[in-house]
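Residue strings, one per chain:
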Amino acid sequence: MTYFFQFEADFVDSLRCIPMQVRCKLDSCGIKLKLSDWNQMTTAERQALVELPCTTETEIQSYGKYIQELIVQRTGIPATKLPIEPHPAWLDSATVPASLQEKAQEIGVTLTEQHWAALTPLQRFALIKLSRAGHENKNFPIAMVEFHLLYISQ
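Analysis parameters
- Sequence positions are assigned chain by chain, starting from 1 and proceeding in written order.
- Only residues with pLDDT of 70 or above have their local features reported here, since the model is predicted, and side-chain atom pairs are shown and tallied only from 80 upward, although totals for entire chains, interfaces and linings are computed over all residues.
- The side-chain quantities take in all heavy atoms of the structure and omit both hydrogens and water.
- Under the DSSP-based scheme used, a helix requires at least four consecutive residues in state H or I and a strand at least two consecutive residues in state E, with every element numbered from the N terminus.
- As a reference, a globule follows 2.2 Å times the number of residues to the power 0.38, and the radius of gyration itself is taken over C-alpha atoms.
- Burial status follows relative accessibility: with a 1.4 Å probe on protein chains alone, a residue under 20% of its type maximum counts as buried, one over 50% as exposed, and anything between as partly exposed.
- Should any heavy atoms of two residues lie within 4.5 Å, those residues are considered in contact.
- In this description, one arc is meant: the one made by directions from the helix axis to the C-beta atoms.
- As a rule, the C-alpha atoms of each element are fitted with a line to give its axis, helices using only the stretch in contact, and angles between N-to-C directions run from 0 to 180 degrees.
- Reported orientations rely on four angle classes, namely roughly parallel under 35 degrees, roughly antiparallel over 145, roughly perpendicular from 65 to 115, and oblique for the rest.
- Note on convention: near helix rotated counterclockwise from far helix by under a right angle means a left-handed crossing. Clockwise means right-handed.
- We define a salt bridge as a contact between a side-chain nitrogen of Lys or Arg and a carboxyl oxygen of Asp or Glu at a distance within 4 Å.
- What we call a nonpolar core is a set of buried Ala, Val, Leu, Ile, Met, Phe, Trp, Tyr and Cys residues that are connected through their side-chain atoms within 4.5 Å.
- We call Phe, Tyr and Trp rings a pair once their centres come within 6.5 Å, taking the six-membered ring for Trp, and we label the pair stacked below 30 degrees between planes, edge-to-face above 60, and tilted otherwise.

S.K.: What is the right way to read the overall build of the protein from this model?
M.R.: Along its length, the protein carries eight helices and two strands. For a compact globule of 154 residues, the expected C-alpha radius of gyration is about 15 Å, and the protein comes in at 16 Å, within 12% of that figure. Here the protein, with 154 residues, has 43% of them falling under the buried criterion. Relative to all contacts within the protein whose residues are 6 or more apart in sequence, the contacts with residues 24 or more apart total 60%.

S.K.: I tried to follow helix α3 (residues 43-51) on my own but got confused; where do I start?
M.R.: Note on helix geometry: an α-helix contains 3.6 residues per turn, so any two residues three or four positions apart are oriented the same way. Within the sequence span of α3, burial applies to Glu45, Arg46, Leu49 and Val50. Seen along its axis, α3 keeps its buried residues to an arc of 145 degrees; they face one direction.

S.K.: How should the packing of α3 against helix α4 (residues 57-75) be read in this particular structure?
M.R.: Between two packed helices, the angle of one axis relative to the other and the distance separating the axes together describe the packing. It is at 11 Å that the axes of α3 and α4 come closest, and there the two elements cross at 165 degrees. The orientation of α3 relative to α4 falls into the category roughly antiparallel. The element α3 and its partner α4 pack so that their crossing is left-handed. Contact residues: α3 offers Glu45, Ala48 and Leu49, while α4 offers Tyr63, Tyr66, Ile67, Leu70 and Arg74.

S.K.: Looking at this structure, I do not really get the pattern of salt bridges. What am I missing?
M.R.: Where side chains of opposite charge bring their charged atoms close, a pairing between them can arise. Summed over the entire model, instances satisfying the criterion amount to five salt bridges. A salt bridge links Asp10 to Arg16; the nearest nitrogen and oxygen atoms lie 3.6 Å apart. The salt bridge partner of Lys103 is Glu106, with a shortest N-O separation of 3.3 Å. Taken together, the positions of Lys103 and Glu106, both in helix α5 (residues 98-106) and three residues apart, correspond to about one turn of that helix. Judged by relative accessible area, Lys103 falls into the buried class, the value being 16%.

S.K.: What is the right way to read unusual backbone geometry from this model?
M.R.: Note on backbone geometry: most residues besides glycine have negative phi, and most peptide bonds are trans. Positive phi, normally seen in glycine, also occurs at Leu15, with a value near 55 degrees. Position of Leu15 relative to the elements: it lies in the segment before α1 (20-29). Note on Leu15: relative accessible area 1%, which makes it buried.

S.K.: What is the right way to look at the nonpolar core in this model?
M.R.: Membership of the largest hydrophobic core comes to 23 residues, with the highest contact counts inside it found for Phe7, Leu100, Trp116, Leu127 and Phe147. Contributing elements (two or more residues each) for this core: α1, α5, α7 (121-130) and α8 (139-146). Among the elements that take part in this core, α7 stands out by supplying six residues, more than any other. Val22, Ile31, Val50 and Ile67 belong to the second-largest nonpolar core, a separate cluster that totals 18 residues.

S.K.: Can you walk me through the packing of aromatic side chains in this structure?
M.R.: To describe a pair of aromatic rings, you give the distance between the ring centres and the angle between the ring planes. The final tally for this structure, using the stated rule, is four aromatic pairs. With centroids separated by 4.9 Å and ring planes inclined at 90 degrees, the aromatic side chains of Trp90 and Phe125 adopt a geometry described as edge-to-face. With Trp90 in the loop between β2 (80-81) and α5 and Phe125 in helix α7, this residue pair connects regions lying 35 residues apart in the sequence. With respect to burial, Trp90 and Phe125 carry one shared label: buried.

S.K.: I keep staring at the environment of Asn137 and nothing clicks. Help me out?
M.R.: Mapped onto the fold, Asn137 is located in the loop between α7 and α8. Separated by 34 residues in the primary sequence, Asn137 and Lys103 have C-alpha atoms spaced 9.6 Å apart. Those residues in contact with Asn137 that sit more than four places away from it in its chain are Lys103, Leu130, Ser131 and Arg132.

It is worth stressing that arrangement in space is one thing and function is another; only the former is reported here.
Have a look at this one:
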């Protein structure tokens, strides 16, 4: 399923940046994709990476093989392999990651387990990625608004 967040609206038409749904797929298959490599791909190739399924073990392996071949075709260098998290935090609907909770509290939001459980796995993935230290966090509060998480800390 193709889904873009509202906070991605400024680049989804051109796919000049890597959308969250593709980032999630990359994490699932353990591939690091640089923005410079992404930008060497054609629009059709980028769109294929958006649309290709990457949920089952077979799909994850096929997606990883496809993107690895694509990166080698475009850059001549294989993509960096990353460890695959066996139990990714975004798939755990019961536990809000502590680092995410801390980031939410920095902007005055309390993220409860009920709020976390109500989010889709892709929404949880986006919040985790957008809250990371060293990441440009400008879209984090925008995503919190988009996901209706406007509960202010006491």
